[in-house]
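Now for the letters of each chain:
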Amino acid sequence: ISSFLANYSQKTYKKRFLTKLGNRFSFVTVDHVSYFYSESGMTYLIENGSPQRQLIDHTLSELESGLLDPLKFYRVNRSMIINLESLIEIKPYYNGRLVLSMSSKSEEAIVVARERVNEFKNWINQ
């Protein structure tokens, strides 16, 4: 019975996302996600190796509060959640912040907010 309860109570996280690109819908598995970001009230997913953004129907707060595994995904600032598996390089940035290089190319710098730097380093070093 205890084995059953241990398996039953284990938290399950979202495995794939329905995305919209133009007038086309597709599925993207969580393993292929490089990062999520919000812009103008919309949330987008960026796949590994692709600069193409795809619209999803969840807010960053929803993603962070239970849909994504916190051991794999981290909210680096108020508008972005990254996948640890897609992180390639960390460099110092001005004002004590960090800039991240991801497996997908981004037009904007992906910067860890100053107040999250220590927590981020602890998360990386788990």
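Every chain is numbered independently, its residues counted from 1 as its sequence is written. Selection of residues for local features in this predicted model requires a pLDDT of at least 70, selection of side-chain atom pairs for listing and counting requires 80 or more, and totals for whole chains, interfaces and linings are taken over all residues. As a rule here, side-chain values come from all non-hydrogen atoms in the structure, and water together with hydrogens is ignored.

A.B. asks: Can you help me understand the overall build of the chain in this one?
C.D. replies: When helices and strands are counted, the chain shows three helices and 10 strands. Reading the secondary structure of the chain in the N-to-C direction produces α-β-β-β-β-β-α-β-β-β-β-β-α. The C-alpha extent of the chain, read off along each of the three principal axes, is 55 × 40 × 25 Å. The buried label goes to any residue with under 20% of its type's maximum accessible area, the exposed label to any with over 50%, and the partly exposed label to all in between, with areas taken from a 1.4 Å probe on protein chains only. Counting every position in the chain, which comprises 126 residues, the buried fraction comes to 36%. A sequence separation of at least 24 residues applies to 42% of the contacts in the chain between residues at least 6 apart. If you sum the accessible surface of the chain, you get close to 8,300 Å²; carbon and sulfur atoms cover 49% of it. Across the chain, the centroid of the 16 positively charged side chains sits 1 Å from that of the 13 negatively charged ones. Only runs of H or I of at least four residues qualify as helices and only runs of E of at least two qualify as strands under DSSP, and these elements are numbered from the N terminus. Two residues qualify as a contact provided that any one of their heavy atoms is within 4.5 Å of a heavy atom in the partner residue. In these tables, accessible area is a Shrake-Rupley quantity obtained with a 1.4 Å probe, and a residue counts as shielded only by the protein chains included in the view. A positive count includes Lys and Arg, and a negative count includes Asp and Glu. His and the chain ends are not counted in either. By convention, the point assigned to a charge is CZ for Arg, NZ for Lys, CD for Glu and CG for Asp.

A.B. asks: What exactly am I supposed to notice about unusual backbone geometry here?
C.D. replies: Where the residue is not glycine, phi is negative for most of them; where a peptide bond is considered, it is trans in most cases. Non-glycine residue S40 carries a positive phi angle of around 55°. Relative to the elements of secondary structure, S40 occurs in the loop between strand 3 (33-39) and strand 4 (42-47). Although it is not a glycine, N95 adopts a positive phi angle of roughly 65°. When you line up the elements, N95 lands in the loop between strand 8 (87-92) and strand 9 (98-102).

A.B. asks: So what exactly am I meant to see when it comes to the pattern of salt bridges here?
C.D. replies: Side chains that carry opposite charge are capable of pairing whenever their charged atoms lie near each other. Basic side-chain nitrogens of Lys or Arg form a salt bridge, by our definition, when they fall within 4 Å of a carboxyl oxygen of Asp or Glu. Taken as a whole and assessed by the stated rule, the structure comprises three salt bridges. A salt bridge links E39 to R53; the shortest N-O distance between them is 2.8 Å. Linking E39 in strand 3 with R53 in strand 5 (residues 53-56), this pair joins segments that are 14 residues apart in sequence. Look at E39 and you get partly exposed, because its relative accessible area is 32%.

A.B. asks: Even after reading the chapter, I still don't get helix 2 (residues 60-67), so can you show me in this structure?
C.D. replies: Each turn of an α-helix holds 3.6 residues, which means side chains three or four residues apart point in the same direction. The complete set of buried residues in helix 2 reads L60, L63 and G66. Looking at the buried residues of helix 2, the elements they touch are strand 1 (16-21), strand 3, strand 4, strand 5, strand 6 (73-77) and strand 7 (80-83).

A.B. asks: Help me out: how do you make sense of the nonpolar core in this one?
C.D. replies: As a rule of thumb, nonpolar side chains are buried together in soluble globular proteins. To define a nonpolar core, start from buried Ala, Val, Leu, Ile, Met, Phe, Trp, Tyr and Cys residues and group those joined through side-chain atoms within 4.5 Å. Counting 17 residues, the largest nonpolar core has Y35, V76, I82, L100, I110 and F120 as the members making the most contacts within it. Within the residue set of this core, elements represented by two or more residues are strand 3, strand 4, strand 6, strand 7, strand 9, strand 10 (110-112) and helix 3 (117-124). When sequence neighbours within four positions are dropped, the list of residues in contact with V76 reads I82, L100, I110, V111, V112, A113, R116 and F120. If you look at the next biggest cluster of nonpolar residues, it comprises 12 residues, including V33, F36, L45 and L63.

A.B. asks: I'm lost on the sheet that holds strand 10 in this one. Help?
C.D. replies: Pairing between two strands is assigned when DSSP locates at least 2 bridges connecting them. An order of 8-9-10 is seen for the three strands of this open sheet, with the pairing classed as antiparallel. Edge strands, defined here as strands with exactly one partner in the open sheet, are strand 8 and strand 10. Looking at each pair of strands side by side, their axes are set apart by 30° on average, direction ignored. Inspection of the sheet shows strand 9 paired to strand 10 by three bridges, in the antiparallel sense. Bridging across to strand 10, V99 finds its partner in V111. Note on geometry: axes are C-alpha line fits, over the in-contact stretch for helices, and angles between N-to-C directions span 0 to 180 degrees.

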